[in-house]
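What follows is the residue order along each chain.
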Amino acid sequence: MSEAHYPNLHPLLPVSLELKTKNETCLNLRLQNTAKFIASSISKQFTRYSFTRSLRAVSSLVPKPIAPKIRAMILGQAIGTTNPCGAPLAMIGQQNPMKIAIFGLGYVGFTAMCCLAHEGHSVIGFDISEKKVLGVRRGVSPILEAGVEEMLERGLARGLISAHTKIGNRLDDVEVAIVCVGTPSSPDGSHNMTYVAEVTRQIAAGVRRDRPKPMTVAYRSTFRPGTIEGLVRPILQAELGADFERAVEVVYYPEFLREGSAVQDYFTPPKVVVGTADGEPNEALRLLNKNIHAPIFCVGYGEAEVTKFVDNTWHAVKVAYANEIGRVCLQLDLSAAKVSEIFLSDTKLNISSYYMRPGGAFGGSCLPKDVRAFQHIAADCGAHTYLVDSLLRSNEAHKYRLLQYAVDGLQPGAKVLLAGLAFKADTDDLRESPNIDLARGLLRDGYQLHIFDPAIDATKLVGANLGYAYTQMPSLSALLVSKETAEATPYDRVILANATGGYLTLRDDISLVKIGELP
């Protein structure tokens, strides 16, 4: 590689590496300063040039007698330095290295192999592709991703990485097996689980049944909730029989890697999610993640399995929404960039956790009205905003599901108290409150309904608020009850629609359902 590839490094080299001096101490000092500069520069250029290639390039630019020395000094300067990929440039020493097996050397599996070896763990990779396995053995990365090539080279040099097509007895002393095989789409849109089922069967056949402690089998492949309980564990139990719990401990461990920044995402993920049978931490994964600083969630299998779908669907929603707004702006000859800048500047409501807690439907005097108006604007200018057009239909579907949730287990004609009728507590604005729709549904289905909302005085409603209230609920005044009545009546169910329920002192044994926040 010529010096033209590293214009930032070359100008300093002739000055700092001048060999005419006879002072060995001065020469070493110059070498050290140059090594520090180069290590820093390589770190900054790491997203374009691998560390190994950078060292080779430097060797071609310096006088041959000192090339080995400057390479060693650069590596020494790199220890503890973090590059833009998120991994330290030099090998991390692992106090308690583990032996790990990776099944599937695709994007996720190969990245994990390199990062784990980089931390000092011994990693065995398995893949059905002999070409891929032979390539890994030769130091050829099967993916193009910043940072993995040099980690593969160093892992192979240190004897920490191996790759195979057959399991044999290689699982005998493995502590953690990580499954990263693909789950491609079936014609109906579901995931094809053939590879997951087959690798599970192979693991069951290859694991020792008399292990001193179970091997943790962690699945990183993306699949629907219920797969661990409905497919993975049954296969392992059928193969291992009575030795199942002694041989393996099954964990679901979703990954959050993005192409182009996979190494950085591995070492600095947005979160770590571990799904286990009892929702308790897994010791092997705790040790595996001890160098990773991120929020950790230990949950049941189902919650862990659905996480990736929730994340990716939300990302798709964001892209689709931004593009729909962009289309409207294009149609109206507005600056989409400027509108986006204004929108993104609001980190209080727009880009925040506000409105992101599953619970009540949206409503009130603003959102439904403005959504309808924007749908009309988009249709009028031909922007075709399919996501925006679906919002009101989705909201109506949620209202109906909340009604089902609120009365689950109740007998027909049961006594029900609805705490909170207005859209927001401590207000009397009933316009398009989803709680009115809930109350109408309860009455329609034959429940004996009382409503507690001290902010509402039916005799003081005026204007549009009065008109909406009585067109939607003509019997409103007869349904409202006082605090004393609400607390004294033996209701079969109390539905807390908003914070109004906080004004009540209810019996400990009363049946409560909160629809403002789902469990």
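Calculation notes
- Residues numbered from 1 in each chain as written.
- Predicted model: local features only at pLDDT ≥ 70, side-chain atom pairs only at ≥ 80, totals over all residues.
- Heavy atoms only, no water.
- Disulfide = S-S within 2.5 Å.
- Buried < 20%, exposed > 50% of the residue type's maximum accessible area, 1.4 Å probe, protein only.
- Helix = DSSP H or I, 4+ residues; strand = E, 2+ residues; numbered from the N terminus.
- Pairing = 2+ DSSP bridges.
- Right-handed = clockwise from strand over helix to strand, strands pointing away.
- Patch = residues over 30% accessible without salt bridge, like charges linked within 9 Å, V, L, I, M, F, W, Y side chains within 5 Å.
- Areas by Shrake-Rupley, 256 points an atom, 1.4 Å probe, with all protein chains shown as cover.
- Salt bridge = Lys/Arg side-chain N within 4 Å of Asp/Glu carboxyl O.
- Axes fitted to C-alpha atoms, helices over the stretch in contact; angles between N-to-C directions.
- Expected span 1.5 Å × (residues − 1).
- Arc of directions from axis to C-beta.
- Contact = heavy atoms within 4.5 Å.
- Phe/Tyr/Trp six-rings, centres within 6.5 Å; stacked < 30°, edge-to-face > 60°.
- Lys NZ or Arg CZ within 6 Å of the ring centre and 35° of its normal.

A. Spatial organisation of the state of the cysteines. Throughout the structure, instances matching the rule amount to 0 disulfides. With no disulfide of its own, C114 has C115 as its nearest cysteine by sulfur position, at a separation of 6.8 Å. Exposure remark for C114: the relative accessible area of 0% places this residue in the buried category. Here C329 stays unpaired: no disulfide links it, and the sulfur of C381, its closest cysteine neighbor, is 9.3 Å away.

B. Region of the structure containing the pairing of strand β7 (residues 272–276). Here β7 lies mainly inside the structure; 5 of its 5 residues are buried. Two elements, β7 and strand β8 (residues 296–300), share 5 bridges in a ladder whose sense is parallel. Bridge pairing in β8 places V273 opposite F297. At this point the chain moves from β7, through helix α12 (residues 283–288), to the parallel β8, and the crossover so formed is right-handed.

C. Just the environment of R357, in detail. Mapped onto the fold, R357 is located in the loop between α14 (336–345) and α15 (367–381). On the basis of relative accessibility, which here comes to 64%, the residue R357 falls in the exposed class. When the C-alpha atoms of R357 and E517 are compared, they prove to be 6.9 Å apart, with 160 residues separating the residues in sequence.

D. Structural view of a nonpolar patch on the surface. Among the surface-exposed residues, Y321, F343, L344 and I351 lie close enough to one another that they form a single nonpolar patch of about 340 Å² accessible area. Positionally, L344 belongs in helix α14.

E. View of the sheet that holds strand β11 (residues 493–496). Read across the open sheet, the 4 strands follow the order β10-β9-β11-β12; overall the sheet is parallel. Two strands lie at the open edges of the sheet, namely β10 (448–452) and β12 (512–514), each paired on one side alone. Between one strand axis and the next, the sheet turns by 20° as a mean value, whatever way the strands run. Note: strand β9 (residues 415–419) against β11, 4 bridges, orientation parallel. For L418, the partnering residue across the bridge sits in β11 and is I495.

F. Geometry of helix α17 (residues 391–406). With 16 residues, α17 should cover 22 Å at 1.5 Å per step; its first-to-last C-alpha distance of 22 Å lies within 8% of that length. Those residues of α17 not exposed but buried are L392, N395, K399, L402, L403 and A406. Here the buried residues of α17 occupy an arc of 100° about the axis, which is enough to place them on one side. For α17, the secondary structure elements touched by its buried residues are α15, α18 (434–444), β11 and β12.

G. Here's a closer look at the packing of aromatic side chains. For the structure shown, the criterion picks out 6 aromatic pairs. Relative to Y355, the ring of Y354 lies with its centre 6.3 Å away and its plane at 75°, an arrangement referred to as edge-to-face. Residue classification places Y354 among the partly exposed residues on the basis of a relative accessible area of 48%. Here R220 stacks its cationic end above the ring of Y253, 3.8 Å away from the centre of that ring. Positioned above the aromatic ring of F256, the side-chain terminus of K271 is 4.4 Å from the ring centre.

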